[in-house]
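Remarks on the overall topology
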Amino acid sequence: MPPLAASFNPRPETGLGLAGSLMPGEITVLNPAEEDGNPDPLAGTGGTGKTQLAAALAHSLWQAGAVEVLVWLTASGRDAVIAGYARALCDIDAAEPGADPDATAARFLAWLASTTRPWLVVLDDLADPADLEGLWPHGPAGRVVVTTRRDSAALRGNGRRVVQIGVFSRREALSYLTASLYDDPDQRIEALDLAEDLRCLPLALAQAAALMADRGLDCRSYRAWFAERKRRLPGSVAGSYSSIATVTWSLSLDYADQLPPAGLARPALAMTALLDPNGVPGAVLTSKPGCEFIAGRPGDAAAADGQQARGALQNLARLGLVTIDPASAERTVRVHPMVQATVREALPPAVLKQAAQAAAEALLETWPARDTQPVLAQTLRDNTASLRRCTGDLLLAPESIPLLFRAGRSLEDAGLTGPAISYWQLMTDAIDRVHGPAHARALAARDHLAAAYDAAGRPGEAIGARRSCLEERERILGPDHPDTLASRSDLADAHLAAGRLTEAIALYERTLAGREWALGPEHPDTLTSRGNLAFAYSSAGRPADAIAIFQRTLADRERILGPDHPDTLASCGNLAAALHADGRLKEAISLYQRTLADRERVLGPEHPDTLACSGNLAYAYRSAGKLKDAIPLYKRTAAGRERVLGPEHPDTLTARGNLAAAYHTARRLKDAIPLYERILADRELVQGPDHPDTVTARGNLAAAYHSAGRIVDAVPLYERTLADCERIRGPHHQDTLTSRCNLAHAYHTARRQADAIAVFERTLADCESALDPGHPLTQTVRESLEAATQA
């Protein structure tokens, strides 16, 4: 939450008594009052004190004990809101940080809607009202305040109160100047006249008061300066708020630039004018690129030590041009949007270009290789988005575009799949427009877009994006270029994820042949291709082909990389899985045991890969009917996952689900059903009711009810699972087809033969059109239909 200004005015006349009038269950939206008849394009940039009013309200409610939970979010984009809600729930309810952000945000909103604890959520500087679609907080115990510079119909309705915040009244403006210039009454001569010159605009008054207090000027002298500068100011809308702010900040900047280190305030303000008004990390502005731009001496060690940049920023803060919050490492320096907008208008094109490049390099240098600090990652994304908006296509230059890619990867790493898709779509369009669709960066952006579709469970769109990349690379680079081969492998992966095994296998085979020819049979990429092809063979029910390739890959990796290399251990596990799938359980179990022992020795007993291998061995025991060996190992795996990852981590829930399945197989339904019920409840809570894993958990519980003879409970759950799969995955997805087959079996058990046959027939037709004719599911459905028809 931004700190209150030193001379904050509670605005008894124009603050509308927000603290006393905002009641539980209410939503208030603060936006700037319009300037009557003002054609100024910058009229919507604020300056009337919305954020300060919201901060004062939050402080007042908190100090009075009227709220127990206070959440302040900078609503710069949908990703910021979702990520902020997810972090809030982690703080309130100890939710797992690694959980799906969309599901965690939904849990937070559900918590707000149901809790009896009084709460306040402030969504500050909402950039686009559409970003709150489906994300508006509500609840009988809560209050919501939204500040925004936008005026949109989306902000109205549903009981929301829109309040336009205007400038100070004359009395409030005079009170503000009196409080700011309290040391010397002579300075306050003509204070009311000055307030009227500045049209009582809070931003302009703050800058004027800071300059007068620092220089010892009186209001009469400042009025003369103001009038002279206003007369010489070109190209402004006379009397507009933005023109007034331009005069006040330019006067303050002239003085700040004279303070030591002299001449550095101006470039410091130019750089901050391009970044997020809601906070720039101090490390960005004191990075080597930031310091060199501010000092104007690239390569100078003295300029790059950060002291001069800090001095320039302190001078800007001293004159009210920026605010510095030393308590916040993420949002250290704030600049008002109106100051930013008017400063940018005054920047020569050459300076704008230099500042944009320096800011891009500073952000990229500050960004850690891994986003281990979610708040910092969000702040850096916000600053990148601001820089992009302010500089247009300048960031698409070769020296700046890496920053845009880093921001996109940050969305992917945070699991923000929806915002990531939107981001990469915009990036692809922009790079295509500027550099052409064949440019290397355009193809890389399309790769990221495809990966985002994959992560969102949209395989059809992923295939389209991957195919487009492959066609361009084949045309430009040729069919055997390493990048073309990688693109073909990616397309094969997309087909495999969509269950289109024939296309996947053909692409994998061609990729392997190309890599053997271009890179050699022992190149790491060739070995990876060989493993991918083997996995596709295994998925297509061709275990003999898969096993032969896995055996060769394992032998090659042992010889080239050594027996303890992670890729070698992975190959060993892959071969065990193929043997398992082929029913060669004795060999599979022996290999799983070897892999588990090696992983425990090399990686440790609680490494995620070791725990995964433990679960695989348990599954092999279960398949071999060795449930006395399987169940203790499943328990050990679930306990390890819970200890290492936490009880609500998706991998922990999966391990618990495997234990339930083992109980199910052992006909220990009294153990299996309560565990399945707990898993479904946990997945609905942690991942949301529509997450694919939640839908799978619902189907598993239905199957357990079915096995227990509770067909009355099973059928509705099967029906809901099928409806969810059709809505979320689509009618021809493999999971949907499996769910439909399960429902048909339940109808058959319930002696609803006509329903069973109709569902089996539809499922078979869909399997034959969507999957390969020889796909195992197609064969299973065909046999089930024959049995149902005979019955």
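Below you will find a few notes about this structure. Sequence order as written defines residue numbering, which begins from 1 separately in each chain. Only residues with pLDDT of at least 70 get local features here, since the model is predicted, and only at 80 or more are side-chain atom pairs given and counted; chain-wide, interface and lining totals rely on the full set of residues. The basis for the side-chain values is all heavy atoms of the structure; hydrogens and waters are excluded.

Turning our attention to the overall build of the protein. Going along the chain from the N terminus, every DSSP run of H or I of four or more residues is numbered as a helix, and every run of E of two or more is numbered as a strand. If you tally the helices and strands in the protein, you get 35 helices and 7 strands. A principal-axis box enclosing the C-alpha atoms of the protein has dimensions of 100 × 60 × 45 Å. Residues count as neighbours in contact if any of their non-hydrogen atoms are within 4.5 Å of one another. The long-range fraction of contacts in the protein, counting pairs at least 24 apart against all pairs at least 6 apart in sequence, stands at 62%. Accessible surface computed for the protein: about 33,000 Å², of which carbon and sulfur atoms make up 52%. A residue counts as positive if it is Lys or Arg and as negative if it is Asp or Glu; His and the chain ends are not included. A single reference atom marks each charge: NZ on Lys, CZ on Arg, CG on Asp, CD on Glu. The distance from the centre of the 83 positive side-chain charges to the centre of the 97 negative ones in the protein is 2 Å. Using a 1.4 Å probe, the Shrake-Rupley method yields the accessible areas, and only the shown protein chains count as cover for residues.

Take the packing of aromatic side chains next. Stacked, tilted and edge-to-face are the three classes assigned to paired rings of Phe, Tyr and Trp, where Trp is represented by its six-membered ring and a pair needs centres within 6.5 Å; plane angles under 30 degrees give stacked, over 60 edge-to-face, the rest tilted. Scanning the model with the defined rule gives 4 aromatic pairs in all. With 5.2 Å between their ring centres and 40° between their planes, Tyr85 and Phe108 make a pair best called tilted. Linking Tyr85 in helix H3 (residues 78-93) with Phe108 in helix H4 (residues 101-114), this pair joins segments that are 23 residues apart in sequence. For the pair formed by Tyr85 and Phe108, the shared burial category is buried. Here the term buried applies to any residue with accessible area under 20% of the maximum for its type, exposed to any over 50%, and partly exposed to those in between, with areas from a 1.4 Å probe on protein chains only.

Turning to the nonpolar core, a few remarks are in order. Ranked by internal contacts, the top residues of the largest apolar core, which has 123 residues, are Leu269 and Leu316. Top contributing element to this core by residue count: helix H9 (residues 241-258), with 9 residues. Leu316 has contacts with Leu253, Ala256, Ala265, Ala268, Leu269, Leu321 and Val322, leaving out every residue within four places of it along the chain. We call a set of buried residues a nonpolar core when its members are Ala, Val, Leu, Ile, Met, Phe, Trp, Tyr or Cys and they connect through side-chain atoms within 4.5 Å of each other.

The next subject is helix H29 (residues 650-665). Here a helix's expected span is defined as the number of its residues, less one, multiplied by 1.5 Å. The terminal C-alpha atoms of H29 lie 22 Å apart, and with 16 residues this matches the ideal 22 Å at 1.5 Å per residue to within 8%. Residues of H29 that are buried include every one of Pro650, Thr652, Leu653, Ala655, Arg656, Gly657, Leu659, Ala660, Ala661, Ala662, Tyr663 and His664, and no others. Those residues of H29 that are buried are in contact with helix H27 (608-623), helix H28 (627-645), helix H30 (669-686) and helix H31 (692-707).

Right, let's talk about the side chain of Asp766 for a bit. Along the chain, Asp766 turns up in helix H34 (residues 753-770). With residues up to four places along the chain from it excluded, the contact list for Asp766 reads Pro731, His732, Leu737, Arg740 and Leu771.

Most of strand S3 (residues 119-126) is tucked away, with 8 of its 8 residues classed as buried. Any two strands with at least two DSSP-identified bridges between them are counted as paired. Inspection of the sheet shows strand S2 (residues 69-74) paired to S3 by 6 bridges, in the parallel sense. Paired with Val71 across the strands is Val121, a residue of S3. As paired elements, S3 and strand S4 (residues 142-148) share 6 bridges and run parallel to each other. Considered in S4, the bridge of Val122 is made with Val145.

Here His580 shows up in helix H25 (residues 566-581). Given the relative accessible area of 9%, His580 is considered buried. The residues touching His580, leaving out its near neighbours within four places in the chain, are Leu585, Ala588, Tyr592, Tyr619, Ala620 and Ser623.

So, about the packing of H28 against H29. As a packed pair, H28 and H29 sit with axes 8 Å apart at the nearest point and diverge in direction by 165°. Between H28 and H29, the angle falls in the class roughly antiparallel. Considering only the axes of H28 and H29, their crossing is left-handed. Side by side, H28 and H29 meet where Leu627, Ile631, Tyr634, Lys635, Thr637, Ala638, Arg641, Glu642 and Leu645 of the first sit next to Asp651, Thr652, Ala655, Arg656, Asn658, Leu659, Ala662, Tyr663 and Thr665 of the second. When residues are sorted by character, Ala, Val, Leu, Ile, Met, Phe, Trp, Tyr, Cys and Pro go into the nonpolar class, Asp, Glu, Lys and Arg into the charged class, and all the rest, Gly among them, into the polar class. In terms of residue class, the contact of H28 with H29 is made up of 9 nonpolar, 4 polar and 5 charged. Helix axes use the C-alpha atoms of the stretch in contact, all axes being lines fitted to C-alpha atoms, and the angles between their N-to-C directions lie in the range 0 to 180 degrees. With respect to orientation, any angle under 35 degrees is reported as roughly parallel, any angle over 145 as roughly antiparallel, any angle of 65 to 115 as roughly perpendicular, and every other angle as oblique. A clockwise turn of the near helix away from the far one marks a right-handed crossing, whereas an anticlockwise turn of less than a right angle marks a left-handed crossing.

The sheet built from 5 strands is open, its strands ordered S2-S3-S4-S1-S5 with parallel pairing. A single partner strand is all that each edge strand has here, and the edge strands are S2 and strand S5 (160-165). Across the sheet, the axes of successive neighbouring strands diverge by a mean angle of 15°, strand direction being ignored. Two strands pair when backbone bridges link them, and strand S1 (residues 27-32) and S4 are joined in this way by 4 bridges, in the parallel orientation. Residue pairing in the sheet places Val29 in a bridge with Val146 of S4. Along the sheet, H3 makes contact with S2 and S3, crossing S2 at roughly 155°.

For the rest of this paragraph, the subject is the packing of helix H8 (residues 219-232) against H9. When two helices pack together, their arrangement is given by the angle between their axes and by how far apart the axes lie. At a closest axis distance of 10 Å, the pairing of H8 and H9 adopts a crossing angle of 110°. Relative to H9, H8 is oriented roughly perpendicular. The handedness of the crossing between H8 and H9 comes out as right-handed. Every residue of H9 that contacts H8 at Tyr222, Trp225, Phe226, Arg229 and Lys230 is listed here: Ile244, Val247, Thr248, Ser250, Leu251 and Asp254.

With that out of the way, let us pick up the environment of Arg388. Looking at where Arg388 falls in the secondary structure, it is placed in helix H16 (residues 374-391). Considered as a pair, Arg388 and Ala672 are 284 residues apart in the sequence and their alpha carbons are 53 Å apart. Among all residues touching Arg388, those that are not within four sequence positions of it are Asp393, Leu395, Leu396, Leu404 and Ala430.

This paragraph deals with the pattern of salt bridges. When the charged atoms of two side chains lie near each other, side chains of opposite charge can form a pair. By definition here, a salt bridge exists when the distance from a side-chain nitrogen of Lys or Arg to a carboxyl oxygen of Asp or Glu is within 4 Å. Within this structure, the stated rule accounts for 63 salt bridges. In this structure, Arg601 engages Asp564 in a salt bridge whose closest nitrogen and oxygen atoms are separated by 2.9 Å. Of the two residues, Arg601 sits in helix H26 (residues 585-602) while Asp564 sits in the loop between helix H24 (543-560) and H25, which places them 37 residues apart along the sequence. Close ionic contact of Arg643 with Glu606 constitutes a salt bridge, the shortest N to O distance being 2.6 Å. With Arg643 in helix H28 and Glu606 in the loop between H26 and H27, the pair connects residues that are 37 residues apart, well separated along the chain. Residues joined in a network through salt bridges with shared partners are Glu516, Glu522, Arg530, Arg552, Asp556 and Arg559.

Another point: the environment of Arg515. Along the polypeptide, Arg515 turns up in helix H22 (residues 501-518). Taking relative accessible area as the criterion, Arg515 reaches 7% and is therefore assigned buried. It is 77 Å that separates the C-alpha atoms of Arg515 and Ser175, two residues lying 340 residues apart in sequence. Setting aside anything within four residues of it in sequence, one finds Arg515 in contact with Leu485, Ala486, Ser489, Gly520, Asp525, Thr526 and Ser529.

Take the environment of Thr379 next. Within the secondary structure, Thr379 is located in helix H16. Sequence-distant contacts of Thr379, defined by excluding residues within four places in its chain, comprise Gly279, Pro281, Glu330 and Arg331. Side-chain polar atoms of Thr379 contact the backbone oxygen of Val375, separated by 2.9 Å. Pairs of N or O atoms are called polar contacts if they sit within 3.5 Å, as long as, within protein, a hydrogen donor faces a hydrogen acceptor (for residues adjacent in sequence, only side-chain-to-side-chain pairs).

Quick look at H26 now. For H26, spanning 18 residues, the distance from its first C-alpha to its last is 25 Å, which sits close to the expected 26 Å at 1.5 Å a residue. Buried residues of H26: Leu585, Ala588, Ile589, Leu591, Tyr592, Thr595, Leu596, Asp598 and Arg599, and no others. Of the surrounding elements, those touching the buried residues of H26 are H25 and H27. Phi for Gly604, located one or two positions after H26, is positive at around 105°.

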